[in-house]
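Tertiary structure, described
Chain by chain, the residues run as shown.
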Amino acid sequence: MSVPPPSPSSLAHRESVARLLTPLRRVRPTVAFYKLAAHRIPTLWTLYRGLQRHAERENLKWRIRTLFEAKRHTIQAHVAKAQLERAYQWLDVFVRAKQGDAYLQAVLDKYDRMIASKRERREFGRLVREALEEQTRLRTRTIFKGSFIRPTLYNRLLPRLVPQPVSISCMINKRRLRRERRYEQSVELTERIRDLEMECAFEKQLRRSGERIDPVFSDDPNAWLQPLRDKLQIIQKANKNDYDRLYSDYPPSFLLQGVRARRQKIRYKTQQYARERAGEVFPTTLARMRQGPPAHVLAKMTPEERRADKIVRGPSEAGYTAAVKMSMGRTLKDKELLRLEDGKEEWGRLERMEEEVREENRRRRSESVERAEGGNASRS
């Protein structure tokens, strides 16, 4: 059973319906909305500039700028639409406040004070984060103490940094692995060259004996051997570079930096020991105080000797600690501290100073009494 064709009126009706629905169909754009000029120009030149112009308060301007920076990665159209509608409402409020609306001006002043407080907290948090990051950087920074890593097959003269940078460790490890691979490749290439030479000699011997064979290697042996020899030559050149690194010279400027670093280290340690004697405690101070004599020595020490050993490991050089150190034969850096702490040699000078102070006090009292008596006599 055949289907009859549609009538002309039906075709005309279908065409009219299609003509009405076609403009209503959703057309997916090939470019993201945030790249379109129809979105960027009104948002940046009308909305953002209008908000900055009519805010009139520095904290509000700062808040608007931070919000736009935080929301600039929005890629969903409906989310961006809601954010833009809210921003246009803010723009309308700013304009009305600027035109003289007292209520909106009071609201914006209050909001400005709230943002100022929030801005101070954020600034304080930023300073704290920067301080923590700086402490982390200082704790993990590399320090050159004046020693060097001697030249090897894998590196030239390098400064011994503490802690050693990962880049130097990776460089040495990578060169070591490459050298091992080159050695394996050179052994394999040497064996292949030997096998090819044996095959060429075997074919030549067969041809001299009168055998009819199709030559494979003996006609042009260099065509087989030359690529392998070229690769072997590249490997030998790389090995030569390794030995050039091993026997490389020591740069004078590098050595001078090492001398300066050692002097700086000695200067720093001297200052640190002086600060320790003044009472400051460092991690190295605690580590030294926690140490003890070797086990075989500790086993033979009496409780008094163990106590004295623990005392002399402290940084102090005054009082009882200094006396214990001197009794054990230790040399004090500043022997005046013990004399000042003990005070035996200072008693005479201190007594003379005390007597001078008392004499001066008696003289002043007598003068004040004489002035008082003279004043009473003149009034009488």
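Described below are features of the structure shown in this document. (Residues numbered from 1 in each chain as written. Predicted model: local features only at pLDDT ≥ 70, side-chain atom pairs only at ≥ 80, totals over all residues. Heavy atoms only, no water.)

What follows covers the overall build of the protein. Each helix and strand counted, the protein has 14 helices and two strands in total. Scaling as 2.2 N^0.38, a compact globule of 380 residues should have a C-alpha radius of gyration of about 21 Å, whereas the protein reaches 46 Å, well beyond that. A principal-axis box enclosing the C-alpha atoms of the protein has dimensions of 155 × 105 × 45 Å. Counting only residues that meet the buried cut, the protein has 21% of its 380 residues in that class. For the protein, contacts bridging at least 24 residues in sequence account for 49% of all contacts bridging at least 6. A total of about 29,800 Å² of accessible surface is found on the protein, and carbon and sulfur atoms cover 55% of it. (Helix = DSSP H or I, 4+ residues; strand = E, 2+ residues; numbered from the N terminus. Rg over C-alpha atoms; globule rule 2.2 N^0.38 Å. Buried < 20%, exposed > 50% of the residue type's maximum accessible area, 1.4 Å probe, protein only. Contact = heavy atoms within 4.5 Å. Areas by Shrake-Rupley, 256 points an atom, 1.4 Å probe, with all protein chains shown as cover.)

As a further point, take the nonpolar core. Nonpolar side chains tend toward joint burial in soluble globular proteins. In this structure, L47, L51, A55, L60, I64, F94 and L108 are the most contacted members of the largest nonpolar core, which totals 13 residues. The set of elements that each furnish at least two residues to this core consists of helix 2 (37–55), helix 3 (58–71), helix 4 (77–98) and helix 5 (102–140). Considering every element that reaches this core, the biggest residue donor is helix 4, with four residues. With residues up to four places along the chain from it excluded, the contact list for A55 reads L60, K61, I64 and F94. (Core = buried A, V, L, I, M, F, W, Y, C linked by side-chain atoms within 4.5 Å.)

A surface patch of nonpolar side chains, amounting to about 420 Å² of accessible area, comprises V17, L20, L21 and L24. Checked against the element boundaries, L20 lands in helix 1 (residues 8–21). (Patch = residues over 30% accessible without salt bridge, like charges linked within 9 Å, V, L, I, M, F, W, Y side chains within 5 Å. Salt bridge = Lys/Arg side-chain N within 4 Å of Asp/Glu carboxyl O.)

Moving on: a positive patch on the surface. A grouping of K118, R121, R122 and R129 is seen on the molecular surface, where their side chains present a positively charged patch. Looking at the secondary structure, you find K118 in helix 5. (Lys, Arg positive; Asp, Glu negative; His and termini not counted. Charge placed at Lys NZ, Arg CZ, Asp CG, Glu CD.)

What follows concerns the packing of aromatic side chains. Applying the stated criterion to the full structure yields four aromatic pairs. A centroid spacing of 5.4 Å and a plane angle of 80° characterise the contact between F33 and Y34, whose relative ring orientation is edge-to-face. Among the aromatic residues, ring-to-ring pairing joins F144, F148 and F254 into one connected group. (Phe/Tyr/Trp six-rings, centres within 6.5 Å; stacked < 30°, edge-to-face > 60°.)

Moving on, we come to the pattern of salt bridges. Taken as a whole, this structure holds 23 salt bridges when the rule is applied. The partner of E134 in a salt bridge is R137, with the nearest N and O atoms 2.6 Å apart. Placement of both E134 and R137 in helix 5 is noted, with a separation of three residues, approximately one turn of the helix. Since its relative accessible area comes to 35%, E134 is described here as partly exposed. Across the pair E188 and R192 runs a salt bridge, and its minimum N-O distance is 2.8 Å.

Moving on: the environment of S327. By the secondary structure assignment, S327 is in helix 12 (residues 319–327). Note on S327: relative accessible area 61%, which makes it exposed. Here the alpha-carbon distance between S327 and V79, two residues 248 residues apart in the chain, equals 81 Å.

Glancing now at the packing of helix 11 (residues 303–312) against helix 12. Where helix 11 contacts helix 12, the axes come no closer than 9 Å and their chain directions differ by 115°. Taken together, the axis directions place helix 11 and helix 12 in an arrangement best described as roughly perpendicular. Taken as a pair, helix 11 and helix 12 cross one another with a handedness that is left-handed. Packed against helix 11, whose contacting residues are R307, A308, I311 and V312, the element helix 12 presents Y320, T321, V324 and K325 at the interface. (Axes fitted to C-alpha atoms, helices over the stretch in contact; angles between N-to-C directions. Parallel < 35°, antiparallel > 145°, perpendicular 65-115°, else oblique. Left-handed = near helix turned anticlockwise from the far one by under 90°.)

At their nearest, the axes of helix 6 (residues 166–208) and helix 7 (residues 221–246) sit 10 Å apart, and the two run at 150° to each other. As far as their axial angle goes, helix 7 and helix 6 are roughly antiparallel. Where helix 6 crosses over helix 7, the handedness of that crossing is left-handed. Considered class by class, the residues forming the contact of helix 6 with helix 7 number 12 nonpolar, four polar and nine charged. (Nonpolar A, V, L, I, M, F, W, Y, C, P; charged D, E, K, R; others polar.)

Attention shifts here to the side chain of Q272. With respect to the element layout, Q272 can be found in helix 8 (residues 252–277). Taking the relative accessible area as the measure of exposure, Q272 reaches 3% and is therefore buried. There is a polar contact of 2.8 Å between the side chain of Q272 and the side chain of T284. Excluding anything up to four places from it in sequence, Q272 contacts F282 and T284. (Polar contact = N/O pair within 3.5 Å; in protein donor to acceptor, adjacent residues only side chain to side chain.)

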